[in-house]
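As a plain string of letters, each chain reads:
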Amino acid sequence: MVGITSIRSANAAFASTPAAKGLVAVFVGATAGIGESAMRTFVANTVSPTVYFVGRSEASGAKITTELQKINPDSRIQFMQADATLLSTVDSVTAQIAAKEKKVNLLFMSPGYMTMAGRDESPEGLDRKMVVSYYGRLRFASNLLPLLKAAAATPSESSRVISVLAPGREGTLIMDDLGLTKPGNYSLRNVEAHTVTMMSFAFEELSVRNPEIGWIHASPGVVATSLTRGLPTAMRIASSVAVTALKCFTVPIADSGHGFTWLSTNEGFRAGLFLVNWKGENMDCRVAGGRGWYSDERKKSVWDHTQTVFGGVKQ
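Keep in mind that what you see is a predicted model, and the values were worked out from it rather than measured. (Residues numbered from 1 in each chain as written. Predicted model: local features only at pLDDT ≥ 70, side-chain atom pairs only at ≥ 80, totals over all residues. Heavy atoms only, no water.)

## Observations regarding helix α9 (residues 296–311)
Our working definition: Helix and strand definitions follow DSSP, with helices as H or I runs of at least four residues and strands as E runs of at least two, each counted in order from the N terminus. A helix is expected to span 1.5 Å for every residue after the first. Categorising residues by exposure relies on relative accessible area from a 1.4 Å probe, with only protein chains included: less than 20% of the type maximum marks a residue as buried, more than 50% marks it as exposed, and the intermediate range marks it as partly exposed. Picture the helix axis, draw a direction to every C-beta atom, and the arc is the one those directions span. Working rule for contacts: check all heavy atoms of both residues, and any pair within 4.5 Å makes them a contact.
With 16 residues, α9 should reach 22 Å at 1.5 Å per residue; the first-to-last C-alpha distance of 22 Å fits that figure. Looking only at α9, the buried set comprises K299, V302, W303, H305, T306, V309 and F310. All buried residues of α9 project into a common sector of 160° when viewed along the axis, lining one side. Residues of α9 that are exposed and point more than 90 degrees away from the buried face comprise D296, E297, K300, T308 and G311. Lining the buried residues of α9 we find α4 (87–100), α5 (128–152) and α6 (188–209).

## Observations regarding the sheet that holds strand β3 (residues 76–81)
Through backbone hydrogen bonds, the strands of a sheet pair up, either in parallel or in antiparallel fashion. Convention followed: What makes two strands pair is DSSP finding at least two bridges between them. Orientation is described by axes fitted as lines to C-alpha atoms, over the contacting stretch for helices, and by angles from 0 to 180 degrees between their N-to-C directions.
What the 7 strands build is an open sheet, ordered β3-β2-β1-β4-β5-β6-β7; its pairing is parallel. Bordering the open sheet on either side are β3 and β7 (272–277), each of which pairs with just one other strand. Each neighbouring strand pair of the sheet contributes to a mean axis angle of 15°, computed without reference to strand direction. Pairing analysis gives 6 bridges linking strand β2 (residues 50–55) to β3, with the strands arranged parallel. Looking across to β3, one finds that T50 is bridged to R76. This element, α6, spans β5 (160–164), β6 (214–219) and β7 of the sheet and lies at about 160° to β6.

## Considering the side chain of T85
To keep things clear, this is the line we draw: For the purposes of these results, a polar contact is taken to be a pair of N or O atoms within 3.5 Å, where, inside protein, one atom must be able to donate a hydrogen and its partner to accept one; residues adjacent in sequence count only when each atom of the pair is a side-chain atom.
Relative to the elements of secondary structure, T85 occurs in the loop between β3 and α4. In terms of polar contacts, T85 uses its side chain to reach the side chain of D83, at 2.7 Å. At 2.7 Å, the side chain of T85 forms a polar contact with the side chain of R128. Apart from the residues within four sequence positions on either side, T85 is in contact with S122, E124, R128, V131 and V132.

## Observations concerning α4
The end-to-end C-alpha separation of α4 is 20 Å, in line with the 20 Å expected for 14 residues at 1.5 Å each. Buried residues belonging to α4 abut β1 (24–28), β2, β3, α5 and α9.

## Overview of the packing of aromatic side chains
Where we set the bar: To pair, rings of Phe, Tyr and Trp, with the six-membered ring standing in for Trp, must have centres within 6.5 Å; the planes then decide the type, stacked if under 30 degrees apart, edge-to-face if over 60, and tilted in the middle.
Scanning the model with the defined rule gives 11 aromatic pairs in all. Judged by centre distance (5.8 Å) and plane angle (65°), the rings of F27 and F42 are edge-to-face. In this pair, F27 sits in strand β1 while F42 sits in helix α2 (residues 33–44), placing the two residues 15 residues apart along the sequence. With a relative accessible area of 1%, F27 lands in the buried category. Classification of F42 as buried rests on a relative accessible area of 2%. By way of ring pairs, the aromatic residues F27, F42, F108 and F260 are connected into one cluster.

## Structural notes on the pattern of salt bridges
Heads up, the rule is: Any carboxyl oxygen of Asp or Glu that lies within 4 Å of a side-chain nitrogen of Lys or Arg is treated as forming a salt bridge with it.
Per the counting criterion, the structure on display carries 22 salt bridges. Across the pair R40 and E36 runs a salt bridge whose closest N-O atoms are separated by 2.9 Å. Remark: E36 and R40 occur in helix α2; sequence separation between them is 4 residues, near one turn of the helix. In this structure, K299 and E205 form a salt bridge, with 4.0 Å as the shortest nitrogen-oxygen distance. Here K299 is found in helix α9, whereas its partner E205 is found in helix α6, with 94 residues between them in sequence. Residues K299 and E205 agree in their burial class; the two are buried.

## Topic: the environment of K279
One can find K279 in the loop between β7 and α9. Judged by its relative accessible area of 18%, K279 falls in the buried class. Between the C-alpha atoms of K279 and S219, which are 60 residues apart in sequence, the distance is 9.1 Å. The contact partners of K279, leaving out residues within four places of it in the chain, are M1, V2, I7 and W262.

## A look at the pairing of β7
The element β7 is extensively covered by neighbouring structure, given that 6 of its 6 residues are classed as buried. Side chains G272, F274 and V276 project from β7 onto one buried face, and the interleaved L273, L275 and N277 project onto a second face that is buried too. As judged from the 6 bridges shared by β6 and β7, these two strands associate in the parallel manner. Counted as the bridge partner of W215 is L273 from β7.

## Some thoughts on unusual backbone geometry
The phi dihedral of S48 falls on the positive side, at around 50°, and the residue is not glycine. Within the secondary structure, S48 is located in the loop between α2 and β2. Its identity as a non-glycine residue notwithstanding, L180 has a phi of 55°, on the positive side. Locating L180 in the fold gives a position in the loop between β5 and α6. Note on L180: relative accessible area 1%, which makes it buried.

Listed below in structure tokens is the structure:
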């Protein structure tokens, strides 16, 4: 088990290595919470990085850009205001990045919001919560794959894709309705089970197809963030009280940022599939039979479903 003190020391030491220079990173969902903390730590512990970060708030984006450039004056920071619940918007953002860059060393994705509302279908026919947690993330990875492969092909560099979600919480899928479109199938519990499980399946498939890249599906633990802003007032208050009561069990947001930066740079996560927590500890339950969720047949069905969804949205 790696402690937070060792992780912080490793990040500080990384900043003085040749590998820390000239990295290109894309952060999705980084205007608050875990993504922002990870991005700040990444910028502080790298040399002359280029960072693109995607978020909804233009005001937050401008403020954070200024702060990041003060943290690391040699950094090149660009905020990209976008609605990540639309795959067509993901296509636009990734096309802009591809037009400017020849490589991407890190794709870090942690967008999300908590709401008790039911299915919220976008003009593309997809539930917005499922896009934020799964479809949009896979679209970012698919679109940026050529740039990720270019970085991995350079001997002195590496590339990694980190999706902050919930490995270890995979569950049974409704195989004839993976998008949860049929009456009675949609619930917040099923959304979690489907997006988490499909993420693990998709990253496994991507790791087989692209073994030179690190595919990291990571759990953040319990972190106090602004994720509950979409809940009703009473539930936001209750959540705040619960987090305060469980403070000794929660992960400080700054520690989370260091943990995810460590996953982004440590050689142990350079290539392959990793289902881990924010400190790199194993969360992989496939070997134990996956509690009934895991099989090669289901994995293939998830992959085929995802490609069908992608094919229905024009690039």
